[in-house]
Amino acid sequence: MESQQSLDDIAIYCPQVKADLIPMKNQEFHTLEDAETFYKSYAKESGFDVKRHSNKKKDGVIVRKEYACSKEGTSKVTGKKRKRNQTRQNCKAKIVVVKRAPIGKYVVTIFVEGHNHPLTTPRRKLLTKIHRGVSSVHKSLSKQLTAVNVPPCKQFDFLGVNSGGLENIGCLQQDIYNYRRDCRKEVKGHDGDMLHEYFLHEKEKDPSFNFKIEADNENRITHIFWADAISRRSYKFYGDVVIFDTTYNTNAYSLIFAPLVGVNNHGQTIILACAFLSNERTDSFTWFFKEFLKAMPGDAPRMIITDQDPAMTKAISEVLPQTFHRDEFDDRWTTIVESSGLSDNGWLKTMYDIRSTWVPAYVNHMFSAGMSSSQRAESGHAFYKRFISKENTLIDFMIQFSRAVTRQRHMELIEDHVDINEKPNFDSQFEMADQMARVYTHECFKEFYAQLSQCCNYRFELSHENDTYMVYTALRKKMENPKGRVITYAKDSDFVSCSCKKFEMAGIPCRHILTFLIFIRLVDTLPDQYILKRWTKSIKDETVLDDAGVEITDNRDLLARRSRLCQYAVEVIDKIIGSEEASALFLDSLKDVLDKHNHKMADGEDVNFALVPFEQKCLPSQHIYNEPVQVRAKGCGKRLKAGKEKGRLKAAKKANGKGRFCHGCKKHDQQHDKRNCPELKNINGIPIAQTGEFASDPSTDDEEYSSTGVDESA
């Protein structure tokens, strides 16, 4: 409320509030903060904003402070600055407090109550800055929603629903945007140290978490490697075949993201280790593979599948000499074709283009978990990029990437649950089907059952036999001129192999081997030597030790405890929310628990802070790492120049006498182009640009820079 007075035809608006809220001359305050708080409380009730106007210091201590209405003074915005509405109206309302030395308190010496503008009505008070502010609860919630890629506009809608209306939020949508801006500004320059703190935080939660950060002479981060306990354990079970491929546009520094992935017993893609590299040279890949071997339990992988990167190939041959590199085929193909002088042979080029359809026959003697290319890694990249973007800082990337990995692992957990609680639906006359339904995961059993169901469709002809081997030909029944498969039975080892090499390549016995075992060897259950443990349900039951003999465990006890507490609290709130008495009792109980906890902390009791969300922690107190330099990866193209840089280059050309070529007068070293050529300025008084005479001249596309200011030759 306000009362309006008239002084020389100038309206004066005086707030109508409770008397105990109105400042008075000679009113005393213990501190400057108390004075500010009191005046702001008065302003809130009155309907105007407050700003700190001026102060006077003596010996470093503020002895005079003035607080004024936000509409004090006049606008001084001139020139080409961005246009903003003028809010200042030369309002004289203010309060001045002065520190009195004898009493050591701040005393009100001046108080101007009247305003020269209408005050904000009660309904619009929520829009004033003094009423607005992103609360600590909303800040925490905003960080959580940002972590799941919810934009500020959606966050504001959610806060509105959660608060019972937009008018009850306590801030505007722009305040959410500003808060995010301030958060980004706060971490600028601290990204490297925050990444290090994040890794230490993860190490505290997960003692088996492994990481390594490399920096240059200026302490700028160049290489990063990390792998948590779940990834390290997974490598022990599924590290026989890995896929390595790099991808781009995942962070603000253009560091090259290099995940190393595998396939689990459900046929799902899993993360085994990750790295950021500053370049794609051999030494960078060598560093990654060495760190990878040091972090992982067990031996090097039996096979690694990559793209055709020469630097990557060289690093693999140096660090993983015993690992079969799937893409060695391309190097051998090139060598043979060039040495034979057949580089221009059309048929060979066609066969090379469709090599993915027949090259597996070249390497099917090696186990590859059913993978024939790096397509699985590329699909993984597409999945991760649903969570991350090229604007991410390093710490933002880690938080978002952790979400992606959590989603990926949740899908694995679902499959584990299905394997334990559900039984595959099938109808088979073979006891072997019942056996393997209990042993294999559901996904692997589907593949096995597809092979087993074909067993009655084959017959065998003995081709050769000696003291060591028996060789059969497996032929398809009811088929003219069937393509036979060669079945070799080793008598000493009692082992059957097939020329289709499915068992060697995928780890699942083929239909030919199964038919031979059932109808020739007369076995009812599949022998252990044909069961690859990596495809079984029980593979993850083993204990995993690192090279030092320390068990690699995934310590999730604290996380599970936090989850239980949150779920129980939400359940209680949902039940008592309708009762004021129950709600008050619940709040009193929570306060009592918190007080007891604080007393224990004051007594020196050890408390684990590992579960405090990393986003809620303060900036690092110790500076160790600087942010990485901007990386230029392969294929990034010509660098685009900003407008100011283009202007400097143009000025430098002009100073050096090296102008451009004018397509109008056909002269070099000119400071004009055809559009403003003096010799073609006008034709009959009409500018050339409007006549269309040269509209179809292709030479107009040869301008160095386009009219949009972007270098289109990039």
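Each chain has its residues counted from 1, running along the sequence as written. Whole-chain, interface and lining totals are the exception, using all residues; otherwise, since this is a predicted model, local features are given only for residues with pLDDT of at least 70 and side-chain atom pairs are given and counted only at 80 or more. The basis for every side-chain value is the complete set of heavy atoms in the structure, and neither hydrogens nor water enter the calculation.

**Student:** Explain the overall build of the protein chain to me, and be specific about the residues and the numbers.
**Tutor:** Per the secondary structure count, the protein chain includes 21 helices and 23 strands. When burial is assessed residue by residue, the protein chain has 39% of its 714 residues classed as buried. For the protein chain, restricting intrachain contacts to residue pairs at least 6 apart in sequence, the fraction spanning at least 24 positions comes to 58%. Each accessible area value is a Shrake-Rupley result obtained with a 1.4 Å probe; residue values ignore everything except the protein chains displayed when judging cover. Accessible area for the protein chain stands at about 41900 Å²; split by element, carbon and sulfur atoms hold 51% of it. Numbering of helices and strands runs from the N terminus; a helix is a DSSP stretch of H or I covering at least four residues, while a strand is a stretch of E covering at least two. The cut-offs for exposure are 20% and 50% of the maximum accessible area for each residue type, with area from a 1.4 Å probe on protein chains only; residues under the lower value are buried, those over the upper are exposed, and the others partly exposed. Here, residues are in contact when the closest pair of their heavy atoms is within 4.5 Å.

**Student:** Give me the nonpolar core: which residues, what numbers.
**Tutor:** Considering soluble globular proteins, one finds that nonpolar side chains tend to be buried as a cluster. Of all hydrophobic cores here, the largest spans 76 residues; its most connected members are Trp-226, Tyr-440, Phe-448 and Leu-526. Looking at this core element by element, the count peaks at 8 residues for helix α13 (residues 394-421). Discounting residues that sit within four places of it in the chain, Phe-448 has contacts with Met-432, Met-436, Tyr-440, Ile-508, Pro-509, Leu-514 and Leu-526. What we call a nonpolar core is a set of buried Ala, Val, Leu, Ile, Met, Phe, Trp, Tyr and Cys residues that are connected through their side-chain atoms within 4.5 Å. Judged by nonpolar contacts, the second largest core, of 33 residues, contains Tyr-235, Phe-237, Ala-258 and Phe-289.

**Student:** Quick one: what's the story with the sheet that holds strand β3 (residues 28-29), residue by residue and with numbers?
**Tutor:** Strand pairing in a sheet is mediated by backbone hydrogen bonds. Such pairs are either parallel or antiparallel. As summarised here, the arrangement of the 5 strands in space is β3-β7-β6-β5-β4, forming an open sheet in which the pairing is antiparallel. Looking at strand neighbours, the two that pair on one side only are β3 and β4 (50-58), the edges of this open sheet. Here, strands pair whenever DSSP counts at least two bridges between them. As paired elements, β4 and strand β5 (residues 61-69) share 8 bridges and run antiparallel to each other. By the bridge assignment for β5, Ser-54 is matched with Glu-66.

**Student:** Please set out the confidence of the model for the protein chain residue by residue, giving values where relevant.
**Tutor:** With 83% of its residues at a pLDDT of 70 or more, the protein chain shows a mean pLDDT of 82. What pLDDT conveys is the predictor's confidence in a given residue, as a value from 0 to 100. Below a pLDDT of 50 lies the segment residues 683-714, which in the model reaches 35 contacts outside its immediate sequence neighbourhood of four places, other chains included.

**Student:** Quick one: what's the story with the pairing of strand β7 (residues 105-112), residue by residue and with numbers?
**Tutor:** Pairing between β3 and β7: 2 bridges, direction antiparallel. From the neighbouring strand, Glu-28 faces β7, where its bridge partner is Val-107. Strand direction decides the pairing type here: strand β6 (residues 94-100) and β7, joined by 7 bridges, are antiparallel. Bridging from a neighbouring strand, Ile-95 pairs with Phe-111 of β7. The hairpin turn running from β6 into β7, its antiparallel successor, is 4 residues long, and Gly-104 in that turn takes a positive phi close to 70°.

**Student:** Describe the state of the cysteines, and please don't skip the residues or the numbers.
**Tutor:** Our working definition of a disulfide is a cysteine sulfur pair at a distance within 2.5 Å. Counting across every chain of the model gives 0 disulfides. Cysteine Cys-91 remains unbridged, with the sulfur of Cys-69 as its closest cysteine sulfur at 4.0 Å. Distance from the sulfur of Cys-456, which forms no disulfide, to the nearest cysteine sulfur (Cys-455) is 6.8 Å.

**Student:** Give a detailed account of the packing of helix α5 (residues 191-205) against α13, specifying residues and quantitative values.
**Tutor:** Geometrically, a packed helix pair is captured by the angle between its two axes and the distance between the axes. Axis lines are fitted to C-alpha atoms, over the contacting stretch for helices. Their N-to-C directions set the angle, which ranges from 0 to 180 degrees. Taken N-terminus to C-terminus, the directions of α5 and α13 make an angle of 35°; their axes are 8 Å apart at the nearest point. For the pair α5 and α13, contact is made by Asp-191, Met-194, Leu-195, Tyr-198 and Phe-199 and by Leu-394, Ile-395, Met-398, Ile-399 and Ser-402, respectively. Just so you know the grouping, Ala, Val, Leu, Ile, Met, Phe, Trp, Tyr, Cys and Pro go in nonpolar, Asp, Glu, Lys and Arg go in charged, and all remaining residues, Gly too, go in polar. Residues that form the contact of α5 with α13 fall into these classes: 8 nonpolar, 1 polar and 1 charged.

**Student:** Requested: an account of the pattern of salt bridges, with residues and values cited.
**Tutor:** Think of a salt bridge as a Lys or Arg side-chain nitrogen and an Asp or Glu carboxyl oxygen that are within 4 Å of each other. In this structure the tally under the stated criterion is 26 salt bridges. Between Arg-181 and Asp-182 there is a salt bridge, with its nearest N and O atoms 3.1 Å apart. Note on Arg-181: relative accessible area 39%, which makes it partly exposed. Accessibility expressed as a relative area gives 38% for Asp-182, which makes it partly exposed. Ionic pairing is found between Asp-494 and Arg-521, a salt bridge with its closest N-O pair at 3.6 Å. Taken together, the residues Asp-494 in the loop between β18 (485-490) and β19 (495-498) and Arg-521 in the loop between α17 (511-520) and α18 (557-576) connect sequence positions 27 residues apart. The exposure class assigned to Asp-494 is partly exposed, which follows from its relative accessible area of 35%.

**Student:** Talk me through the packing of aromatic side chains; I want residue IDs and the actual numbers.
**Tutor:** Pairing of aromatic side chains requires ring centres within 6.5 Å, counting the rings of Phe and Tyr and the six-membered ring of Trp. Pairs whose planes differ by under 30 degrees are stacked, by over 60 edge-to-face, and all others tilted. The full count for this structure, using the stated rule, is 43 aromatic pairs. Aromatic side chains Tyr-472 and Phe-516 sit 5.2 Å apart centroid to centroid with 65° between the ring planes, which places their arrangement in the edge-to-face category. Note that Tyr-472 is positioned in strand β17 (residues 469-476) and Phe-516 in helix α17, a separation of 44 residues in sequence. According to the relative accessible area criterion, Phe-516 is buried, its value standing at 1%. An aromatic cluster is built from Tyr-198, Phe-199, Phe-209, Phe-211, Trp-226, Phe-257, Phe-276, Phe-383, Tyr-384, Phe-387, Phe-397 and Phe-401, whose rings are joined through pairwise contacts. Sitting above the plane of the Trp-535 ring, Arg-534 keeps its charged end 4.5 Å from the centroid. By definition here, charges over rings are those cases where NZ of Lys or CZ of Arg is within 6 Å of the ring centre and within 35 degrees of the ring normal.

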